[in-house]
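Structural overview for review
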Amino acid sequence: MCDTMVHVAGDRVLFAKNSDRDPNESQLLEWRPAQDHADGTMVACTHLAIRQAPHTHAVLLSRPFWMWGAEMGTNEHGVTIGNEAVFTDQPYADVGLTGMDLLRLALERAVTAREAVDVIVSLLETHGQGGSHGHEDPSFTYHNSYLVADPGGAFVLETAGRRWAVEEVTSGGRSISNGLTIEGFAQAHADPLRTHVSACTARRAFTEPAAAAATGPLDLARVLRQHGTDLSPDYALLNGAMAAPCMHAGGLVAASQTTASWMSELTADRARHWATGTSAPCTGVFLPVSVDAPTDLGPAPTDRFDPDTLWWRHELLHRSALRDPAASFPLFTPERDELERGWFLDPPSTDEAVAHADARRRDWTQRVNRAIEEDRRPWYVRRYWRIRDERAGVPELATAT
């Protein structure tokens with residue numbers, strides 16, 4: 001489950017997305033250079049190999065560790081895309097391109113947002129979408145919608161099987177979540193039950209007005225970190241804390257966790273991007289990143305705890321702080337917010353930002369572990385996370401640093 005939003009103004013486009021997936025499904029930032037490819041070359045996507053394009057553009061991706069495709073990303077031309085799971089009345093294919101594959105293929109092959117929409121539509125009609133989209137549950141699959149932006153504007157592209165609809169966003173705010181939204185297409189193809197369980201209507205009721213009111217990256221960060229009316233997530237027995245943009249897992253029927261976040265500011269003369277490379281933006285740090293400045297973030301993470309990876313180092317803070325957000329967040333978020341404010345105005349290099357954030361995160365984790373003695377979440381949430389910690393081999397939070 002996810003949320004993506006844009007604000008289209010006369011001189012710039014603001015873009016933001018939370019990627020919500022299984023809690024141990026780590027996500028990595030990956031830089032891929034522009035490349036020329038020999039005629040007849042094939043590209044192996046997540047479940048399907050297709051013919052490669054003669055030239056692919058340089059891209060920066062945020063992708064689940066086990067997928068070829070990406071949840072969100074940008075290319076050297078400023079085309080920036082986020083995708084959403086949607087549930088429809090059309091059949092789900094056993095084999096096809098995943099929504100994340102289609103997103104990456106569009107970034108690699110398109111110079112403008114309109115071209116990116118055309119790439120996705122053409123590939124969708126040719127190859128279809130399908131296959132497993134789930135990490136914990138390989139049988140989990142869905143169809144996809146997209147917010148596709150560039151410095152000139154944005155498009156909403158929604159799909160149901162091989163069917164699709166497009167809406168251009170020329171001004172103001174627009175958001176998409178886990179339900180179809182384009183008038184006519186939504187009424188014809190939505191699956192009402194699964195759409196309801198995703199809690200997408202509640203999230204869009206917040207994200208779309210917030211996108212319309214956003215004036216810059218600071219506003220976008222606040223939206224992506226939103227838990228609702230309280231500092232702490234509001235957990236429901238059925239689906240955990242899925243009713244707010246900053247999503248936290250723990251439901252007995254449906255559970256999803258924000259595993260990475262992204263923001264962009266796109267103008268005619270430059271594109272600026274910030275990404276967490278970690279879960280839970282409420283505890284994470286937005287790092288300045290750029291397509292043309294690849295950064296070595298160490299080994300790629302998997303679904304097993306590895307302190308050498310950025311994503312899992314952050315989990316020590318995230319999983320400890322969420323035991324009692326009301327007590328833990330004041331110990332580090334004011335310092336984190338002040339750090340980011342400077343980076344939004346005058347970004348350092350990604351290397352510098354990563355090193356500085358890592359040093360601060362170690363200190364914040366120690367503060368939280370010393371201060372938080374009790375897990376105040378509901379019993380079913382505590383049980384849910386105990387199982388995920390055991391599966392991933394996460395060390396005891398009270399002693400980890």
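Structure's up top.
Residues numbered from 1 in each chain as written. Predicted model: local features only at pLDDT ≥ 70, side-chain atom pairs only at ≥ 80, totals over all residues. Heavy atoms only, no water.

We now examine the overall build of the protein chain. From N to C terminus, the protein chain includes 11 helices and 17 strands. Dimensions of the protein chain along its principal axes, counting C-alpha atoms only, are 55 × 45 × 40 Å. Long-range contacts, defined here as pairs at least 24 residues apart, represent 69% of the contacts in the protein chain between residues at least 6 apart. For the protein chain, the accessible area works out to roughly 15200 Å², and carbon and sulfur atoms hold 51% of it. Taking the 37 positively charged and 54 negatively charged side chains of the protein chain as two groups, their mean positions are separated by 4 Å. (Helix = DSSP H or I, 4+ residues; strand = E, 2+ residues; numbered from the N terminus. Contact = heavy atoms within 4.5 Å. Areas by Shrake-Rupley, 256 points an atom, 1.4 Å probe, with all protein chains shown as cover. Lys, Arg positive; Asp, Glu negative; His and termini not counted. Charge placed at Lys NZ, Arg CZ, Asp CG, Glu CD.)

Below, the discussion takes up the state of the cysteines. All chains considered together, the criterion is met by zero disulfides. Unpaired in terms of disulfides, C45 finds its nearest cysteine sulfur in C2, a separation of 19 Å. Relative accessible area serves as the criterion here: at 9%, C45 is assigned to the buried category. Free of any disulfide, C246 has its nearest cysteine sulfur in C282, 3.7 Å distant. (Disulfide = S-S within 2.5 Å. Buried < 20%, exposed > 50% of the residue type's maximum accessible area, 1.4 Å probe, protein only.)

To continue, consider the packing of aromatic side chains. According to the stated counting rule, one finds 10 aromatic pairs in the structure shown. An angle of 45 degrees between the planes, with centres 6.3 Å apart, marks the rings of F87 and F140 as tilted. Highlighted residues: F87 in the loop between strand 10 (80-86) and helix 1 (99-109) and F140 in the loop between helix 2 (113-127) and strand 11 (143-150), separated in sequence by 53 residues. Judged by relative accessible area, which is 3%, F87 ranks as buried. Among the aromatic residues, those joined into a ring-pair cluster are F87, F140 and Y142. R104 extends its terminal NZ or CZ atom over the ring of W68, reaching a point 4.0 Å from the ring centre. (Phe/Tyr/Trp six-rings, centres within 6.5 Å; stacked < 30°, edge-to-face > 60°. Lys NZ or Arg CZ within 6 Å of the ring centre and 35° of its normal.)

Look at helix 5 (residues 200-213): 20 Å from first C-alpha to last across 14 residues, which is about the 20 Å you get at 1.5 Å a residue. Within helix 5, the full set of buried residues consists of C200, R203, T207, A210 and A211. Projected down its long axis, helix 5 carries its buried residues within an arc of 110 degrees, all on one side. In helix 5, the exposed positions that point more than 90 degrees away from the buried face belong to T201, A205 and A213. Of the surrounding secondary structure, the elements contacted by the buried residues of helix 5 are strand 1 (3-8), strand 14 (172-176), helix 4 (192-197) and helix 6 (217-224). (Expected span 1.5 Å × (residues − 1). Arc of directions from axis to C-beta.)

Another point: helix 2. Relative to the 21 Å expected for 15 residues at 1.5 Å per residue, helix 2 spans 21 Å between its end C-alpha atoms, a close match to the ideal helical length. Where helix 2 is concerned, the buried positions are A113, A116, V117, V119, I120, V121, L123 and L124.

The next point concerns the sheet that holds strand 2 (residues 13-21). The strands making up a sheet associate through hydrogen bonds between their backbones, and the pairing can be parallel or antiparallel. Here we have six strands laid out as an open sheet, ordered 14-1-2-15-16-17, and antiparallel in their pairing. Edge positions in the sheet fall to strand 14 and strand 17 (287-289), since each of these pairs with one other strand and no more. Averaged over all pairs of adjacent strands, the angle between strand axes in this sheet comes to 15 degrees, irrespective of strand direction. Of the strand pairs in this sheet, strand 16 (residues 271-275) and strand 17 are connected by three bridges, and their pairing is antiparallel. The partner of A275 across the bridge, within strand 17, is L287. (Pairing = 2+ DSSP bridges. Axes fitted to C-alpha atoms, helices over the stretch in contact; angles between N-to-C directions.)

Spatially, 3-8-9-10-11-12-13 is the arrangement adopted by the seven strands of the open sheet, whose pairing is antiparallel. On the outer flanks of this sheet lie strand 3 (27-32) and strand 13 (163-169), each paired with one strand and no other. On average, each strand axis in the sheet is inclined to that of its neighbour by 20 degrees, with strand direction left out of account. With seven bridges connecting them, strand 10 and strand 11 associate as antiparallel partners. Each residue of the ladder has a partner; that of T80, found in strand 11, is A149. Its contacts with the sheet put helix 2 on strand 10, strand 11, strand 12 (153-160) and strand 13, and the angle it makes with strand 12 is roughly 10 degrees.

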